[in-house]
Structures are given as C-alpha cells and as structure tokens.
Amino acid sequence: MSEVGYGAGELKRARYAVATVFCVHGAVTGSFATRVPWIQDHAGVSAGQLGIALAFPALGASVAMPLAGWVSHRFGARTALRGLLALWTLALILPSLAPNLAVLCVALFAYGASAGMSDVAMNALGVEVENRLDRSIMSSLHGMWSVGALIGSAAGTLAAHLGSDARLHHLLAAATLTVVGFIACGGVLDLRPTEDEEPPPRFALPPRSALLIGAVGFCAVFAEGASLDWSAVYLRDVLDTSAGLAAACTTAFTLTMAVARLAGDRIVDRFGAVRTVRVGGVGAALGGLLVVVAPNPAVAMAGFGLMGLGIAVVVPLAFAAAGRSGPNPSQAIAGVATITYTSGLVAPSAIGTVADATSLVVSFGLVTFLACGLAVFAGVLRTGDRARTKQAEVSPASAGAHGQGS
C-alpha cells in the first residue's frame, strides 16, 4: 500500500472511524444471535438441523476471507471496507427470510462470507492505524466490537420481548447499521497500492507465521466459545443453580471480556504483547481450574470471570501480530481469522461431545489445558511487539538479552 502522510488529527479521526466500524460489525452479530429461535421456527427446522445450519457462517467466512486482501488491493482500503461492510450489514436480512433448511444454509453461508471479508478488511485497517499512532489500539477496537454485540443483542432482546417479526426487525437494523457504517468508513485511512505493487492472489494458503499466531488465537477463541455457550449449562447442570443465575454468569463473562478489551491497550503498551498474553494465559488457566474444582456457583463464576480477563486481549494481539508479520498483512490476517473462526465453530460441539462421553467437568479440563497453551506459546506474538521495539531503540545491547523470551 502507498505511504501517505497523515497528521495527528487525521489519525485520531481514523481511529474513531474504525472503532465505529468494529461496533457496527459487532451489532450485526448481536442482532442475529438474539433472533435465532424465531428464525428456527420460521424455517421449520429441528434443533439438529439448526446446528447444521449454524455451521455455514463459519464455512462461508473461511472460504471468502482470503479474497479480502485482493478486494482491498483492487479498490483501495476505504472503498473495499465500505463495500464489504455494507454487504455484511445487509446480509443480516437474509437468514430471517429463509423458509426451509436449504435456503437457510445458503443464507447463512452468504452471511458468514460477508462477515469474514469485512472482518479481515477492518482488522487490516486497524493494524495500519495502530502502526501509525505507534501505540496499541487493537484491544480497544475489539472491545468496541463487544460493545456493538451487546447493543445489538439488547435491541434484539427487546424486539423478541415485544414479539416483533424478525424480518422487520432485521430490515430496520440492517438499514440503520448500513448508514452508520457507510458514514464511518468515510473517516478510515484511504490506503491504495503503489503502481508497482503486485496484487495478492485471490486464494492462497496463509503463511507459516500466520499459522503459529493463529494457533494462539485458536486457544483463546476455544475458551471464549466454550464459556459463552456452556457456562450457563455448567452452572445449571453441574452446580444445580437457578436458570437466572446461570444466565447471569454468561452475561457477566461477556461484560468482563468487553471491559478487559477496552482497558487492554494500556497494559499492552506497558508490558508488551508477549508478557501480557503469558500472564493472561496463566490467569485463564487458573480460572479454568477454579471452574473445574468449584464447590459452589460463586467460585465457578469467579473462574469464568478470570478466564474472560485472561483471554480478552489475545485475539486482538494475534491480529496485530499477523498484520506485522510479513509483506502482505491482509493475507496473514485472513489466515489468523480463518483459524480463529474455525475454533469458534469447533469449540461448542467439542465441549458437547466430550461432555457426552465423560462430563462437563472434563470438558472444561480441556479448556484449561488449552488456556495453558497461551502461556507456553505467547512468544509467537513477538513480531512487531511495540514494547520490545522501543526497548531495542533505547538499548540495542539489551535487545539481544531479551531476544530469548519475555
């Protein structure tokens, strides 16, 4: 991409613009998730058929994500993001229109494909803004995604409570979010390729560096998906709590993730990506251990909360590291995103499968084990770690001393 000089004011505007884009992206997810029961009834599908259909967003995202880099190169970063985000917000309408399983699967495939491409484009621009500001912002950007998801889910909960038709709800939500996203995209960086820059391939395997970084993201997203989908069930079935308290655990976990991400940038700037993820991994593992040995709901809820704090900034840091790991940031980010989306797809079913064969306690033992992987393999996020770079600039001799680990 061509280098254009941006002043402090323009970079600040670009940061707020891309933060709004993240919020819009999250709001689409929240709006959809709350109306899944209505969509299931409208399409006339069973619980098992719904499970099959809900695998299609991840499949669509995995197939389409590698295209995002080519689209950004072809049309420029700003125009590409504006178009891809509009596809994503408008795709919200499709699932509620599906009259049967086959159409629902196709709709969810398109929904996931547009989600994945816009996800890659906005993360690539977020990394660009972060690099030019020379301070961490990716954690707070993903925090804004969580805020958007909460806003979307709150609006969806209200719509469901009022008994509104999801087709009307999603039409209004899509129209609103499309307008907000279109306006917000006007403020993002307008990066364009240089004349001699080769376009990225439309489809390509992710680079090796992205695979290693994605593995760390996989561990974090597995723990996140397991906690979001199974924490309420865990409290109800293992610890015999009320439905209200079980639901409150999931809500508290979501809020913990959002708050930790919004506050995470200062911690990352102070301690660096590697050290932050290592400490977070230890915290997440301890949280998982609390869940496994919990004698009562309070201890289990504390464990889920600690797990949320530990994993909150891992995915933003994985995207940031991918964006600085080679000459083609979009391709690396697409690779990491594909791996994390796969983890989000695999985690809920894996937890259920292990629980059926053994117990939910054993399932969360697996989550705890994967959380340990964050602490062990955090070093792959060293690429572009700003804290380490600044240390090296101050004392080149000390850089070698720190080169073996954080």
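The structure contained in this document is the topic of the report that follows. (Residues numbered from 1 in each chain as written. Predicted model: local features only at pLDDT ≥ 70, side-chain atom pairs only at ≥ 80, totals over all residues. Heavy atoms only, no water.)

**A few points about the environment of Leu 50**
Going by this rule: Helix numbering and strand numbering both begin at the N terminus, where a helix is a DSSP run of H or I of at least 4 residues and a strand a DSSP run of E of at least 2. Per-residue accessibility, obtained with a 1.4 Å probe over protein chains only, is compared with the maximum for each type, and a residue is labelled buried under 20%, exposed over 50%, and partly exposed between these values.
For Leu 50, the position within the fold is in helix H3 (residues 47-53). For Leu 50, a relative accessible area of 12% corresponds to the buried category. Sequence separation of Leu 50 and Leu 101 is 51 residues, and the distance between their C-alpha atoms is 7.9 Å.

**Points about the packing of aromatic side chains**
Where two aromatic rings form a pair, the distance of their centres and the angle of their planes describe that pair. The line we're drawing: Centre distance within 6.5 Å is the pairing criterion for rings of Phe, Tyr and Trp, where only the six-membered ring of Trp is used; planes under 30 degrees apart are then read as stacked, over 60 as edge-to-face, and the remainder as tilted.
For the structure on display, the rule yields 6 aromatic pairs. Considering the side-chain rings of Tyr 234 and Phe 304, the 6.1 Å spacing of their centres and the 80° angle between planes classify their relative orientation as edge-to-face. Here Tyr 234 is found in helix H11 (residues 208-237), whereas its partner Phe 304 is found in helix H14 (residues 297-311), with 70 residues between them in sequence. This pair shows no difference in class: Tyr 234 is buried, exactly as Phe 304 is.

**So, helix H16 (residues 329-357)**
Condition: Multiplying 1.5 Å by the residue count of a helix minus one yields the expected span of that helix. Working definition for bend: take the seven residues up to and ending at a residue and the seven starting at it, fit an axis to each, and measure the angle between the axes.
A rise of 1.5 Å per residue sets the reference length of H16, with its 29 residues, at 42 Å; its end C-alpha atoms lie 41 Å apart and thus fit the reference within 8%. Of all bends in H16, the biggest is about 30°, found at Val 346, and the proline Pro 348 comes one to four residues later.

**Section: the pattern of salt bridges**
Pairing between side chains of opposite charge can happen when their charged atoms approach one another. We count it as follows: Salt bridge, as used here, is a side-chain nitrogen of Lys or Arg placed within 4 Å of a carboxyl oxygen of Asp or Glu.
Applying the stated criterion to the full structure yields 5 salt bridges. Note that Glu 130 and Arg 324 form a salt bridge whose closest N and O atoms lie 2.8 Å from each other. Of the two residues, Glu 130 sits in helix H8 (residues 101-133) while Arg 324 sits in the loop between helix H15 (314-323) and H16, which places them 194 residues apart along the sequence. Note on Arg 324: relative accessible area 22%, which makes it partly exposed. Residue Asp 165 pairs with Arg 167 through a salt bridge whose shortest N-O separation is 2.7 Å. The exposure class assigned to Asp 165 is partly exposed, which follows from its relative accessible area of 27%.

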